[in-house]
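Okay, here's what each chain looks like letter by letter:
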Amino acid sequence: MNDSIVSLVDKYHLIAAFAVIGLAMYVAYWMSRNLTGGRLHGSAIAIIIGLALAYVGGITTGGSHGLADVTLFSGLALMGGGMLRDLAIIATAYGVRLQEVKKAGFRGVIALFLGVLVSFVAGAVVAVGFGYSDPVDITTIAAGAVTYIVGPVTGATLGASSEVIALSIAAGLVKSILTMIATPLTAKWIGLDNPRSAMIFGGMIGTTSGVAAGLAATDARLVPYGAMTATFYTGLGILLAPTLLFLGVRAIF
Amino acid sequence: MVIYGVALLAGCMLAGLIIGDVLGQLLGIDANLGGVGIAMLLLIFLTGYLKDRGKLPEATESGINFWNAMYIPIVVAMAASQNVAAAFSGGLVAILAGTLAVVLGLALVPVLTGKKVDDAAPLDARPQSQPPTGR
């Protein structure tokens, strides 16, 4: 009896994910209304619940897809995977005012370059502080602080050890997860309430999942502006980290 | 028909991803350079063009709006399938490197945004061109 239910839910995994997420959203919005008086947005709570469940899932299964590694919830990987996420991000662009994008475009491009550079330097400083002295190791960890995709790609290009590559992925994951949580909490202080600052935010932080979730938890209307710049970030990081930035690191160490 | 809207969205996505892929190959990197952003611009242009000519009926629109409204639930599912455990098991180097990158990035947002001007006015201060979605 139990087995057949589990296998049924497993077979219809995407449908089960819709139901589970719907329920989580209901709980989160209820908590937002009744426990925080609406101060913390329902979507922010839902994302934090999701991250907490992902931690539990990862600890119990030892897998790499959070709660989606638990058989009953395997549909979450498809629902929250890159394909549907990108489709939904593109759909948010519907209704965007092009003038806003044009007006903030130049600052957005500056933010992109500065964002990659600042994250890289932050990662490099920490790596050096912990005693890493090989330019390849420093560059790989620094690239991980750009995004968790730039890190391993850079490490593979430069021939870094697998431990250092794992470290760079972890640094990128910390950045992404912290962005999801910190963005709604700091939005007021950094003026994240308009299209221009959203585009700059997307360029400065860049990690797509972090920006996508951080803006969703702050104000869903800002999503398309931030996502538009963030989508260039990983590509730019992969372009710069193993080349220009690596040469810079090697020149110093 | 609703499927026209979904197909329009899917078409923009595929076209954008192809362009992003070609851009990446031209620059010799193993990544898609801005495919999603290009797809967003394509969608903005195409729907604007169709709307001006009255060729975007409500049913077609709702095919796009459905996925727009599914954005937050999808992001929650994404959060639930993140490798959070690995992020925490990476040790202090990973945690500090990631944290410092976020702190500096957030701190620089107001610096780059500059003074409050017209185009940096809060969204709430203006009439909305679309109903709030997904919340």
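Residues numbered from 1 in each chain as written. Chains lettered and ligands numbered in written order. Predicted model: local features only at pLDDT ≥ 70, side-chain atom pairs only at ≥ 80, totals over all residues.

Engineer: Explain the overall build of chain A to me, please; I cannot follow it from the model alone.
Structural biologist: On a plain count of helices and strands, chain A comes out with 12 helices and zero strands. Ordering the α and β elements of chain A from the N terminus gives α-α-α-α-α-α-α-α-α-α-α-α. On the principal axes, the C-alpha backbone points of chain A span a range of 65 × 45 × 30 Å. In chain A, buried positions account for 62% of the 253 residues. The contacts of chain A with a sequence gap of at least 6 include a subset with a gap of at least 24, amounting to 65%. (Helix = DSSP H or I, 4+ residues; strand = E, 2+ residues; numbered from the N terminus. Buried ≥ 20, exposed ≤ 12 C-beta atoms within 10 Å, placed from the backbone. Contact = placed C-beta atoms within 7 Å.)

Engineer: Sorry, what's going on with the overall build of chain B here?
Structural biologist: Summing up its helical and strand segments, chain B has six helices and zero strands in all. For chain B, the α and β elements follow one another from N to C terminus as α-α-α-α-α-α. Sorting the 135 residues of chain B into buried and exposed places 47% on the buried side. In chain B, the proportion of contacts linking residues at least 24 apart, taken out of those at least 6 apart, comes to 59%.

Engineer: Would you mind going over the packing of helix α2 (residues 13-34) of chain A against helix α4 (residues 71-80) of chain B with me for this structure?
Structural biologist: Between two packed helices, what matters for the description is the angle formed by their axes and the separation of those axes. Two numbers describe how α2(A) lies on α4(B): the axes approach to 10 Å, and their chain directions differ by 100 degrees. It follows that α2(A) is roughly perpendicular to α4(B) by the angle criterion. Of the residues in α4(B), those in contact with Ala17(A), Ile21(A), Ala24(A) and Met25(A) of α2(A) are Pro73(B), Val76(B) and Ala77(B). Class assignment of the residues belonging to the contact of α2(A) with α4(B) gives a composition of seven nonpolar, no polar and no charged. (Axes fitted to C-alpha atoms, helices over the stretch in contact; angles between N-to-C directions. Parallel < 35°, antiparallel > 145°, perpendicular 65-115°, else oblique. Nonpolar A, V, L, I, M, F, W, Y, C, P; charged D, E, K, R; others polar.)

Engineer: Sorry if this is basic, but what is going on with the nonpolar core here?
Structural biologist: The nonpolar side chains of a soluble globular protein tend to be buried with one another. One finds Ile47(A), Ile90(A), Val75(B), Val76(B) and Ala97(B) to be the most contacted residues of the largest nonpolar core, which totals 137 residues. In terms of residue count, helix α12 (residues 223-252) of chain A provides more of this core than any other element does, 15 residues in total. Viewed by domain, this core spans two of them, domain 1 (2-80) and domain 2 (98-252) of chain A, each represented by three or more residues. Not counting residues within four places of it along the chain, the set of residues in contact with Val75(B) comprises Ile47(A), Ala212(A), Ala213(A) and Ala216(A). (Core = buried A, V, L, I, M, F, W, Y, C linked by C-beta atoms within 7 Å. Domains from an automatic or database assignment.)

Engineer: How should the confidence of the model for chain B be read in this particular structure?
Structural biologist: When pLDDT is low, close inspection of the predicted coordinates is not appropriate. Mean pLDDT over chain B: 86, with 86% of residues reaching 70 or higher. Quick note on the complex model: pTM equals 0.85, ipTM equals 0.87. (pLDDT = per-residue confidence, 0-100.)

Engineer: What's the story with the interface of chain B and chain A in this structure? I'm lost.
Structural biologist: Note on interface size: it is often stated as the accessible area lost on association of the parts. Taken together, the contacts link 69 residues of chain B with 99 residues of chain A. Elements supplying a minimum of two residues to the side of chain B that touches chain A: α1 (2-26), α2 (35-52), α3 (58-69), α4, α5 (84-89) and α6 (91-113) of chain B. Looking at which element gives the most residues to the side of chain B that touches chain A, the answer is α6(B), with 18 residues. Of the residues in the side of chain B that touches chain A, the class split is 48 nonpolar, 18 polar and three charged.

Engineer: Quick question: what am I supposed to make of the domain arrangement of chain A here?
Structural biologist: Residues and elements named next belong to chain A. Domain annotation for chain A reports domain 1 (2-80) and domain 2 (98-252). Each of domain 1 and domain 2 has a C-alpha centre, and the two are 26 Å apart. In this complex, domain 1 contributes six residues to the contact, which on the side of domain 2 involves seven residues. For the side of domain 1 that touches domain 2, the class distribution of residues is four nonpolar, two polar and no charged.

Engineer: What should I look at first to understand the packing of helix α3 (residues 42-61) of chain A against α4(B) in this one?
Structural biologist: Contact geometry for α3(A) and α4(B): axes closest at 7 Å, N-to-C directions at 25 degrees. Taken together, the axes of α3(A) and α4(B) are roughly parallel relative to one another. Once α3(A) is placed against α4(B), the crossing between them reads as right-handed. For the pair α3(A) and α4(B), contact is made by Ser43(A), Ala46(A), Ile47(A), Gly50(A), Leu51(A), Leu53(A) and Ala54(A) and by Ile72(B), Val75(B), Val76(B), Ala79(B) and Ala80(B), respectively. (Left-handed = near helix turned anticlockwise from the far one by under 90°.)

Engineer: Can you walk me through the environment of Val121(A) in this structure?
Structural biologist: Mapped onto the elements of the fold, Val121(A) is located in helix α6 (residues 98-129). It is 9.8 Å that separates the C-alpha atoms of Val121(A) and Ile138(A), two residues lying 17 residues apart in sequence.

Engineer: Sorry, what's going on with α3(B) here?
Structural biologist: For an α-helix, 3.6 residues make a turn, and residues three or four places apart therefore share a direction. With 12 residues, α3(B) ought to run about 16 Å at 1.5 Å a step, and its terminal C-alpha atoms sit 15 Å apart, in line with that. Tucked into the core, α3(B) has its buried residues touching α5 (82-92) of chain A together with α1 and α4 of chain B. (Expected span 1.5 Å × (residues − 1).)

Engineer: Explanation requested: the environment of Ala80(B) in the structure shown.
Structural biologist: Secondary-structure assignment places Ala80(B) in helix α4. In contact with Ala80(B), not counting residues within four places along its chain, are Gly50(A), Leu53(A), Ala54(A), Gly66(A), Leu67(A), Ala68(A), Leu76(A) and Gly80(A).

Engineer: Just checking my understanding: could you explain the environment of Thr47(B) for this structure?
Structural biologist: Structurally, the position occupied by Thr47(B) is in helix α2. Looking at Thr47(B), the number of C-beta atoms within 10 Å reads 23, which means it is buried. Each C-alpha atom of the pair Thr47(B) and Gly5(B) lies 9.6 Å from the other, and the pair is 42 residues apart in sequence. When neighbours within four sequence positions are excluded, Thr47(B) is seen to be in contact with Tyr94(A) and Leu56(B).

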